Amino acid sequence: MRYFYVLIYIIHQCYSAGIMDNVIFAVNCGGEAHTDVNGIRYRKDYLKSGIASDYGRSLSISRVPTDDMVLYQTERYDLQKFSYEIDIVDDGDYVLWMKFAEVWFNGPNMKVFQIVLNDEHNILDEFDIFSKAGRATAHDEYIPFQIKNGRLVVKSRSTSYSGILKITFQKLDHRDNPKVNALIIWKGSVDQIPKLPAIPEPEQVEEPARDEYDEPPAKTTKVQRNLKTSGPKVVDPYAEDQSSSLIPLLIAIVAVIPVIFCLCRL
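Residues numbered from 1 in each chain as written. Predicted model: local features only at pLDDT ≥ 70, side-chain atom pairs only at ≥ 80, totals over all residues. Heavy atoms only, no water.

**Q** Teacher, can you tell me more about the overall build of the protein chain here?
**A** From N to C terminus, the protein chain includes four helices and 15 strands. Relative to its full complement of 266 residues, the protein chain shows a buried share of 39%. Intrachain contacts of the protein chain at a sequence separation of at least 6 include 71% that bridge at least 24 residues. When the accessible surface of the protein chain is summed, it comes to about 17,900 Å², and 56% of that surface belongs to carbon and sulfur atoms. (Helix = DSSP H or I, 4+ residues; strand = E, 2+ residues; numbered from the N terminus. Buried < 20%, exposed > 50% of the residue type's maximum accessible area, 1.4 Å probe, protein only. Contact = heavy atoms within 4.5 Å. Areas by Shrake-Rupley, 256 points an atom, 1.4 Å probe, with all protein chains shown as cover.)

Have a look at this one:
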């Protein structure tokens, strides 16, 4: 069994050495040196501008192993802007790999900032970490670029390049301060980079099926209709008083009664 663990260790060391061939630069912003589960070795943050913070250590960061949460718990931020300058002299294809986690705000459109390369390439504008991943959740951004014949090429736009890549994080209007949790310069393509697992989708609560017989019967409402007659009002002949037609009959009965009485006496 001991030989099995030795073999696993050797394989891991070989993999770590291989992945580091692609890593030109890596820094744990605002924090100490760290080696992640992929074998990438991050240096301690050396930057003097901006403000280092480890406020995120009070939170558990999702989407990453426990040992690598520190990469998203420490950060560097500034009230206006700050920059990292990295020496890259060789031509080739590269990726600016940035790590973020929102550890302060509970909603979108609070911490929104922009990221610029060499003061000319606006690579992320109106960048809102919470909108991308929510709170206390790891989020990575990948920006491919190319250095060739003294030119920096980003998103098909080419500018002059003097051997130093400058990455600036700067504030936008009244919204909160720019920040970054970790930085890597990767030599190669985005496809080669180990990615974070997908953000789990929220569970959809299905409503129970409603039986048609459970529906209460619809109440019928009586509509009172006010009908209007057209033309002049016509007198109903049958509605007239018919008492006058009974007078002759009463007179005849009164006249006959004495006659009948006399006949009965005979």
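**Q** Whenever I open this one, the environment of Asp128 confuses me. Can you help?
**A** One can find Asp128 in strand β9 (residues 121–128). Assessed through its relative accessible area of 9%, Asp128 is described here as buried. Residues Asp128 and Met110 lie 18 residues apart in sequence; the distance between their C-alpha atoms is 7.8 Å. From its side chain, Asp128 meets the backbone nitrogen of Phe130 in a polar contact 3.2 Å long. (Polar contact = N/O pair within 3.5 Å; in protein donor to acceptor, adjacent residues only side chain to side chain.)

**Q** Can you walk me through the layout of surface pockets in this structure?
**A** The gaps of empty space that remain are located by a probe, the size of a water molecule, rolled over the atoms. In this structure, the largest pocket encloses a volume near 200 Å³. Taken together, Ser53, Tyr55, Glu75, Tyr77, Glu102, Val103, Trp104, Phe105, Lys111, Asp176, Asn177 and Lys179 form the lining of the largest pocket. Classifying every residue of the lining of the largest pocket gives five nonpolar, two polar and five charged. (1 Å grid on protein atoms, 1.4 Å probe; cavity = no way out; pocket = protein on both sides within 12 Å on 5 of 7 lines; lining within 4 Å. Points joined across faces, edges and corners; volume = space filled by probe spheres on them. Nonpolar A, V, L, I, M, F, W, Y, C, P; charged D, E, K, R; others polar.)

**Q** So what exactly am I meant to see when it comes to the sheet that holds strand β14 (residues 179–180) here?
**A** Think of a sheet as strands paired side by side through backbone hydrogen bonds, with each pair either parallel or antiparallel. Pairing is antiparallel across the open sheet formed by three strands, whose spatial order is β4-β5-β14. The sheet terminates laterally at β4 (51–53) and β14, the two strands that pair on one side only. By the bridge criterion, three bridges tie β4 to strand β5 (residues 75–77) in an arrangement that is antiparallel. Across the sheet, Ala52 pairs through a bridge with Arg76, a residue of β5. (Pairing = 2+ DSSP bridges.)

**Q** So what exactly am I meant to see when it comes to the pattern of salt bridges here?
**A** Proximity of charged atoms lets side chains of opposite charge pair with each other. Using the criterion set out here, one finds nine salt bridges in the structure. Measuring nitrogen to oxygen at the nearest pair gives 3.0 Å for the salt bridge that ties Lys99 to Asp140. Placement of the pair is Lys99 in strand β7 (residues 92–100) and Asp140 in strand β10 (residues 139–148), with a sequence separation of 41 residues. For Asp140, a relative accessible area of 8% gives the class buried. Taken together, the salt bridges that share partners define one network made up of Glu126, Asp173 and Arg175. (Salt bridge = Lys/Arg side-chain N within 4 Å of Asp/Glu carboxyl O.)

**Q** Sorry, what's going on with the pairing of strand β13 (residues 164–171) here?
**A** A regular strand places its side chains on the two faces of the sheet in alternate fashion. Strand direction decides the pairing type here: strand β6 (residues 81–87) and β13, joined by seven bridges, are antiparallel. What sits directly across from Tyr84, in β13, is Ile167. As paired elements, strand β8 (residues 112–117) and β13 share five bridges and run antiparallel to each other. The partner of Gln114 across the bridge, within β13, is Gln170.

**Q** Can you help me understand the pairing of β8 in this one?
**A** Of all six residues in β8, six are buried, a share of seventy percent or more. Neither face of β8 is open: one carries Val112, Gln114 and Val116, the other Phe113, Ile115 and Leu117, and all of them are buried. Bridge count between β8 and β9: five bridges; the pairing is antiparallel. Bridging across to β9, Phe113 finds its partner in Phe127.

**Q** Sorry if this is basic, but what is going on with the side chain of Asn22 here?
**A** Position of Asn22 relative to the elements: it lies in the loop between α1 (2–20) and β1 (23–28). Overall, the relative accessible area of 18% leaves Asn22 in the buried class. Those residues in contact with Asn22, other than ones at most four positions away along the chain, are Ile185, Trp186, Lys187 and Gln192.

**Q** In this structure, what is going on with the nonpolar core? I would like to understand it.
**A** Nonpolar side chains tend to gather and get buried jointly when the protein is soluble and globular. Membership of the largest hydrophobic core comes to 31 residues, with the highest contact counts inside it found for Leu96, Met98, Phe145, Ile167, Phe169, Leu183 and Ile185. Ignoring any residue separated from it by four or fewer positions in sequence, one finds Met98 in contact with Ile115, Ile123, Leu124, His139, Asp140, Glu141, Ile143, Phe169, Ala182 and Leu183. Within the second largest apolar cluster, 23 residues are counted, among which are Ile40, Met69, Val95 and Ala136. (Core = buried A, V, L, I, M, F, W, Y, C linked by side-chain atoms within 4.5 Å.)

**Q** What is the right way to read the sheet that holds strand β12 (residues 157–160) from this model?
**A** Ordered in space as β2-β3-β1-β15-β7-β10-β11-β12, the eight strands form an open sheet in which the pairing is mixed. Each end of this open sheet is capped by a strand with a single partner; those strands are β2 (34–35) and β12. Two elements, β1 and strand β15 (residues 182–187), share five bridges in a ladder whose sense is antiparallel. For Phe25, the partnering residue across the bridge sits in β15 and is Ile185.

Everything listed is a geometric property; what it means functionally is a separate question.
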